[in-house]
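Residue-level structural notes
One letter stands for each residue in the lines below.
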Amino acid sequence: MNKLLEKLVASGFSLALLLLCGVGTASYLSIQKLAEEKRWVVHTHQVIEALDHVRIGLSNAEAARSSYILRKNTVYREVYQSEKQKVYQVLKVIQQLISDNPSQQERLVTLEPLIAQKFSLLEQSINLVGQESLDQSTQMAIANRSIEIREQLQEMDSEEKTLLQQRIAITDGLFRQILIVVGLGYALSFLLLIVVYLLLQKQIRLNKALSQEAIRLEQQAAKAKLADILETITDAFVALDRNSCCTYINQRAGQMFNHHPADLIGKNIWEVFPEAIEYQFYQAYFQALAEQRVIQMQEYYPPFDRWFEYWMYPSSEGVSIFFQDITRQKLAEIALEENERRYRSLVVATSQAVWIADTKRMLKDFSSWIALTGQSDAQVEGWGWLNAIHPEDRELSELLWTQALKTKNLYFSEHRLQVADGSYRFFAARAVPVLDANDEIQEWVGTHTDITEQQTALRDRNLAQLALQQANEELEIKVQVRTAELQKLNEELKRSNQELQQFAYVASHDLQEPLRAVTGYTQLLENEYQDRLDESAQEYFGYIIDGAKRMQQLIQDLLVYSRVGTRGQEFTLVDCNVALNIALSNLHIAIAQSKAIITHEPLPKLLADKTQMVQLFQNLIGNAIKFCRQEPPQIHIGALLRRAGGAEEAEEEPLTSNSCRDAINRVSTSHSEWLIWVQDNGIGIKSQYLERIFEVFRRLHTRREFPGTGIGLAISKKIVERHGGRIWAESKPGIGTVFYLTLNAN
């Protein structure tokens, strides 16, 4: 039965593969034929499109000829020649495309002379320009040629459209054929595969039953063999199921637990040894069971007064645990660690590098030396430790070390040593020989003590007086040089200010005049030739005019920026309320369009430049109107007097928000000053851009989003700084922005 199923599965699978291969081959051949027919359809479309180009070219040439006769403009004659050339180029393309169609070639042979005759007649009519009347016979001949050409083109177009319909019908038939072949083939293949799948499922169930029986027999044999192995090993072994019950325990484990193995089988280990719950072994067991990973650990178990090492191997059935008594090994390690800790504590307490060398002058214990010099173990091996000593001190240090070996006396030397950071420091090296009962050297115990500070202190005292004398001489020279540099800088500053004023004059006159000419003449061209320009040309004129206007506005803003400090008026007593009203009057159109709501508190009277104060309010309020959200802007201007002692007062209770009040409290001053703020509910500014917005040309948005040149806030900052104050902003995106500025009250 099993072999019969295998043969049926193999036969069905092979038949399905053959059927799929046949379907694939038939599909491929049909697709190739379909692609070929598709190319002929595209070819026919190309011929029809070329015939249309001939008609369009002839029509454009005749229109250019008529325009030339009417307007006498040579441009139309050039257009005529260009269209004529295009017609002949298209005729060459048609000749190549219909090379497979004899009837179309015959029509083309008839068509070409007709087109040549028509162009000849058109050129004759062009050459008769200037005469009072054109030759009527030429006009009739042109009309006759046009009719003959149109008929010939119509015949060619009709034949191509007939071919196109035939080829499209062939293509559709092939496509339906492909769908039928592929559909039937894949349907039959799918049915065969379903049959094969059902046969495979039956075969799998049969094989699975046989495999389970074989596995059961193998497991029984493996358990018997494993039990023999576990009884012969020296480690203790315990097998627990997922309920922590013992399923197997060898004799060695029974001896450790003082229990007979048979008495523990089937019992919960935590009920037999409840005290084990308090130890790390309990957590490690459940960790291994939960994470299904091997865990190895060591732990002291007080009830047995022993150290154990565990290996826990989790599985789907439970956990297998190997125990090993490591009490002797652990006690030895603990004693060794205690001795090493004492030694390390002694080394740390001395604050020195301590090392041990053998009788061959090679270091044995050099961990402290490595920490001091940064050398690796390989670099210290042998005589490598000498490389850490400065090359100039190396020979003397080696000589003194050799003499100490010969005489068995104390070793002492002072030399420079390269420490871990790569620098050289002075050290005092001392070593004491350890002698045995026969007065022979067993080893050397040495130290290195840092004496850099003592050496440098002595050297510094000797150099201090000389350095002081040189510093005085250098200071006198620097004062003379600095005085000359300051004089030169003052002259350059005067010249730079003169050049800046000259630039302002050029920007206000010479640079703006060409821009006005560009704008004016561009607008004249647009008005005069508007009827002859298409939409693209009119759009280009709009770009030119807009660019010139933006360039003019940019020059004017730069001029204002440069004149803040050079063309400002003298400070007079200015009522900021009046300056604010003038600024609002200048912005009345923008305020009306945006439906802005502007409120303000009573503002102070200050010694200031009135024109620049108006410009300052206008820039800040205009900025708040421009960068508003969908809702109408709400803008509030407030002011508060900050006295030198930290007191604050206003003519009325200020309508400040919590954020404004926090900013006011953060302002510290040693003199009386006014704090003025402009608060809005606009789109806000990200914190990383709050410093950049006061720089020239710094824009956070494109011109399509918000117009402008990006100089307004830079001008505002320069005005505030000219008045001895400072300006800053605080903002939250989507909530609004507050601009703060301080102005001297005196």
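Let me begin by describing the structure that accompanies this report. In this text the structure is predicted, and so the values were computed from the model without any measurement. (Residues numbered from 1 in each chain as written. Predicted model: local features only at pLDDT ≥ 70, side-chain atom pairs only at ≥ 80, totals over all residues. Heavy atoms only, no water.)

Across its full length, the protein chain carries 20 helices and 18 strands. Among the 746 residues that make up the protein chain, the fraction classed as buried is 34%. Sequence-distant contacts, at least 24 apart, represent 60% of the contacts inside the protein chain between residues at least 6 apart. Summing over all exposed atoms, the protein chain offers an accessible surface of approximately 45,700 Å²; the carbon and sulfur share of this is 55%. (Helix = DSSP H or I, 4+ residues; strand = E, 2+ residues; numbered from the N terminus. Buried < 20%, exposed > 50% of the residue type's maximum accessible area, 1.4 Å probe, protein only. Contact = heavy atoms within 4.5 Å. Areas by Shrake-Rupley, 256 points an atom, 1.4 Å probe, with all protein chains shown as cover.)

Soluble globular proteins tend to bury their nonpolar side chains together. Ranked by internal contacts, the top residues of the largest apolar core, which has 41 residues, are M613, F617, L620, I621, I637 and L741. The set of elements that each furnish at least two residues to this core consists of α16 (576-586), β13 (605-608), α18 (610-626), β14 (634-642), β16 (673-679), α20 (712-722), β17 (727-732) and β18 (736-744). For this core, the leading source of residues is α18, giving 8 residues. Aside from chain neighbours lying at most four places away, what touches L620 is V678, L713, S716, I727, F739 and L741. (Core = buried A, V, L, I, M, F, W, Y, C linked by side-chain atoms within 4.5 Å.)

Here we take up the state of the cysteines. This model, assessed by the stated rule, comprises 0 disulfides. The cysteine C245 is free of any disulfide, with C246 supplying the nearest cysteine sulfur at 7.6 Å. (Disulfide = S-S within 2.5 Å.)

Only one face of strand β3 (residues 295-301) is buried: it carries I295, M297, E299 and Y301, and the other face, with Q296, Q298 and Y300, is open. Judged from the 7 bridges that link them, β3 and strand β4 (residues 306-314) form a sheet pairing that is antiparallel. Bridge pairing links I295 to M312 in β4. Between the antiparallel neighbours β3 and β4 lie 4 residues, among them D305 with a positive phi of about 50°. (Pairing = 2+ DSSP bridges.)

On to the pattern of salt bridges. One pass over the structure, following the stated rule, counts 10 salt bridges. A salt bridge links E36 to R39, with the nearest nitrogen and oxygen atoms 2.2 Å apart. Remark: R39 and E36 occur in helix α1 (residues 2-71); sequence separation between them is 3 residues, near one turn of the helix. For the salt bridge of K118 with E62, the shortest nitrogen-to-oxygen distance reads 3.3 Å. Separated by 56 residues along the polypeptide, K118 in helix α3 (residues 102-127) and E62 in helix α1 bring together distant segments of the chain. (Salt bridge = Lys/Arg side-chain N within 4 Å of Asp/Glu carboxyl O.)

Moving on, we come to empty space enclosed by the protein. Evaluation of the coordinates by the stated rule reveals 5 cavities of 30 Å³ or more. In this structure, the largest cavity is lined by 13 residues; those nearest its centre are F257, F281, Y301, Y310 and F323. Those elements giving two or more residues to the lining of the largest cavity turn out to be α7 (269-272), β3 and β4. Its residues placed into classes, the lining of the largest cavity shows 12 nonpolar, no polar and 1 charged. Considering only enclosed or pocket space, the second largest cavity measures out at about 60 Å³ in volume. In terms of lining, the second largest cavity is formed by W355, W369, W385, I389, W401, Y411, H415, A429 and H448. Here the residues of the lining of the second largest cavity are counted per class, giving 7 nonpolar, 2 polar and no charged. (1 Å grid on protein atoms, 1.4 Å probe; cavity = no way out; pocket = protein on both sides within 12 Å on 5 of 7 lines; lining within 4 Å. Points joined across faces, edges and corners; volume = space filled by probe spheres on them. Nonpolar A, V, L, I, M, F, W, Y, C, P; charged D, E, K, R; others polar.)

Two elements in contact, α18 and α20, have axes separated by 9 Å at closest approach and are oriented at 145°. Between α18 and α20 lies a crossing whose hand is left-handed. Facing α18, whose interface residues are Q612, Q615, L616, N619, L620 and N623, α20 presents G712, L713, I715, S716, I719, V720 and R722. The class makeup of the residues in the contact of α18 with α20 is 6 nonpolar, 6 polar and 1 charged. (Axes fitted to C-alpha atoms, helices over the stretch in contact; angles between N-to-C directions. Left-handed = near helix turned anticlockwise from the far one by under 90°.)

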